[in-house]
Amino acid sequence: MEVFDANSQNAIKVERLTKSFGNFTLRDVNFALPAGSIMGLVGENGAGKTTLFKLIMNVLRRDEGEISVLGQDNLAPGFDALKNEVGVVLGSAGLPDYLTAAQLGRVLRLCFSAWDDGYFNQMLADFRLPEDKLIKEFSTGMKMKIAIAAALAHRPRLLLLDEPTSGLDPIVREEILGVFNDFTRDPEHAILISSHILSDLEKICDYIAFLHEGRLLFCEEKDKLLEDYALLKLPEADFAAVPPGAVVSLRREPWGVEALVKKHEINPAFVTEHTTLEDIIIFWSKGGGAQ
Amino acid sequence: MNAKNGLRGLLLKDFYCIWRYLKIYLLLMLVFVLLPGSLPMLSFLYAVLLPATILAYDENAKWPELAAMLPFSSRTLVFGKYLLGYIFAGVLLALALLSRLVYQLIWPLLLGAPVDNDFALTGEFAFFILLTCLASLVLEALSMPFIFRYGNAKGRLVSFLLFGIIFGASLGIARQFDITALELNISLPVLFLAAAAITLALNAVSCQISVRMYDKRLRGA
C-alpha cells in the first residue's frame, strides 16, 4: 500500500515488512512517515509496536520487506552511524540508572557525534532535573524527562518514542507533548510515537497507524480519520437502511445499534455523532479489515 | 562518531558503575595484589568477574535494549566489556610488579635487612604474575560468550561449570600421567610467548563468538 506521495521526503518508509518469531508474526506492514510530521502508532499490548521499533532500528532482523530511515536502508553498512540522527525513548527507560544526570551527559557526549552539552543542560534546567541525583532515585516522570533530554540532546532528525507518556500524570504529559510539538516545528524533523493514551496522540499526531495482532489495519492522516468516520446510533429496525459496506463495526445495545460508519457512504439524512480517535480504534479492533 | 569514541563512552559508563557499586571490589583487588607470595593471583580472579558484574547492573537497567539503538555496533558493545577486563588485568599486573619493586627498595631501609623472598621482585614472581595475568584473560575468554548468550546469572553458572570440568579433567590427566617427569626443552621466554599467543588467539575467537551470542540473544539474529 502506497500511503503517501512517493515524491515526498520520508523520515521512515516501511514496505512489505514481515517478521516472525515464536507464535507472533508482524505481517506485510507498509507505511511512510513524512518529514515534518508526527505519526502515532496504536495497538494493544503484543500487537507488534515495540517489535516494529526494533525492526526500524535494525535491532531485530526482518524476514522480508524494506525499511529505510532518513533515506537510508537500515541494513546498509552506514546505518550505525545514521543512528546519530535518531533519538530513541523506550517506555521502560533503559538508561543506566546508576548514573546521575550529569554523568549520563558525559557518557553520551562520547557516544553521539553531535551531542550538545549546552542543550542537554538547558533541558535539565527546563525539566527541573537535578544533575547530581542518581537516575534510579528519580520519579517516573523525571525518568521519562531525562530519557527525552538524552534523546534530544544529540540534535536528532527523527524521534522514536515507545510509550513515552505511560505512567505520567496529565501535567507532565502535557509538558512532554509540548516538547514533541516543538521538535516537529522543524520541517526536517519527524516523530514516530506509540502510546495507549489515545487522547495524547489525538492532540499531537498528524498520522495514525493502527497495528492489530501483527497487521497494520490502517495508516491515515488523523484529520481525515476524524472527518471520514462517525458514530451512528439507531434503533435496530432503522439500521437496516445503512449500507453494509459503510459499517466498520457495530455493537448491539438494548436500545438498538451503535456503529462506526464511513460518513460519506451513508445517507446524509442520518444523524451522526462526532467520533474520537478512541472510538475509531475500539471499533476497528473489533471489526475492521486489514490495510 | 567512530567506534573509538563509542568505546570511550561505554568504558566511562562502566567506570562510573564500578565507582558507584564496586568500590569494595576495587579495595579487595588492591589489597590482594599487595599481598606476599602467590596471593596477588586472587586479585586477577576478581578482575575476571568484573565485566560480568557490570553487565548484571546494565541488564537490571535494561541498558542493552537501549544501547542496541545507539550509534555503535554489537562489536563495539561486546568489545567494550572485554577491554574493561584487559584494562583491569593490565593495571593489576603493573601494580603487582610495582609493589614488589617498592618492597625491594624500602624493605632494607625500614628493616635493615634484605627483602623477604615472599615480597621480592624475583624473576620467578614476574613470570608467575605474567602467567597469572594471561590465565585470567583465558578465563575471561572462556566465560564471556556464555555471559553474553545467557546473561550474567545463567552465564556465570555455565562458565563456572565449564571451569569445573576443565579443572577436573586437568587434575585427572595430571594424576594419570606424571607431567613433572616430562622434560620440556623450552625456555621460559618462549613458553611465555607461546602462552601469550594462545591467550590472544583465544580472546580473538571468544570476542567473535560473543558478538554472535549477543546478537542472537538481543536481536534474534
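Cut-offs applied
Within each chain, residues carry numbers counting from 1 in the order of the written sequence. The order in which chains are written sets their letters, starting at A; the order in which ligands are written sets their numbers, starting at 1. Restriction of local features to residues with pLDDT of at least 70 applies here, the model being predicted, together with a cutoff of 80 or more for giving and counting side-chain atom pairs; totals for whole chains, interfaces and linings are based on all residues. Working definition: helices are DSSP H or I runs of at least four residues, strands are E runs of at least two. Numbering for both runs from the N terminus. To assign burial, the other C-beta atoms lying within 10 Å of each residue's own C-beta are counted, with C-beta atoms placed from the backbone; 20 or more indicates buried, 12 or fewer indicates exposed, and intermediate counts indicate partly exposed. We call two residues in contact if the C-beta atoms placed from their backbones are at most 7 Å apart. All residues other than Ala, Val, Leu, Ile, Met, Phe, Trp, Tyr, Cys, Pro, Asp, Glu, Lys and Arg, Gly among them, are scored as polar; the first ten of these are nonpolar and the last four charged. In this document the domain limits rely on a domain assignment from an automatic tool or a database. As a per-residue quantity, pLDDT reports the predictor's confidence and falls between 0 and 100. DSSP calls a pair of strands paired once it identifies at least 2 bridges connecting them. Each axis is a line fitted through C-alpha atoms, and for a helix only the stretch in contact is used; angles between axes span 0 to 180 degrees, taken between their N-to-C directions.

Novice: So what's going on with the overall build of chain B? Which residues, and what values?
Specialist: Broken down by element type, chain B carries seven helices and zero strands. The helix and strand sequence of chain B, counted from the amino end, reads α-α-α-α-α-α-α. Dimensions of chain B along its principal axes, counting C-alpha atoms only, are 60 × 45 × 30 Å. Burial status across chain B gives 33% buried among its 221 residues. Of all intrachain contacts in chain B linking residues separated by at least 6 positions in sequence, the fraction that spans at least 24 positions is 76%.

Novice: An account of the interface of chain A and chain B is requested, with residue identities and associated values reported.
Specialist: Taken together, the contact pairs 27 residues of chain A with 28 residues of chain B. Put simply, the parts of the chain that give the side of chain A that touches chain B at least two residues each are helix H2 (79-82), strand S6 (86-90) and helix H3 (101-111) of chain A. It is H3 of chain A that provides the largest number of residues to the side of chain A that touches chain B, a total of six residues. Among the residues making up the side of chain A that touches chain B, the classes are represented as 17 nonpolar, five polar and five charged.

Novice: So what about the domain arrangement of chain A? Which residues, and what values?
Specialist: Residues and elements named next belong to chain A. By the assigned domains, chain A splits into domain 1 (10-213) and domain 2 (225-287). Of note, the centres of domain 1 and domain 2, computed from C-alpha atoms alone, are 34 Å apart. Between domain 1 and domain 2, the residue contacts involve seven residues of the former and seven residues of the latter. Counting residues per element, the ones that place at least two in the side of domain 1 that touches domain 2 are helix H7 (198-204) and strand S9 (207-212). In terms of residue class, the side of domain 1 that touches domain 2 is made up of five nonpolar, one polar and one charged.

Novice: Go over the confidence of the model for chain A, please, and point to the residues and values.
Specialist: Here chain A averages 90 in pLDDT, and 95% of its residues register 70 or above. pLDDT under 50 marks residues 1-7 of chain A. Its contacts with residues more than four places away, or in other chains, come to eight contacts.

Novice: Explain the sheet that holds strand S14 (residues 272-273) of chain A to me, using residue names and the numbers behind them.
Specialist: Residue and element names in this part refer to chain A. The strand order across the open sheet built from four strands is S12-S13-S11-S14, with neighbouring strands paired in antiparallel fashion. Two strands in the sheet have a free side with no partner beyond their single neighbour: strand S12 (247-253) and S14. Taken together, the six bridges between strand S11 (residues 229-234) and strand S13 (residues 256-262) define a ladder with antiparallel strand orientation. By the bridge assignment, alanine 230 is partnered in S13 with valine 261. Against the sheet, helix H10 (residues 277-287) engages S11, S12 and S13, with an angle of about 90° to S12.

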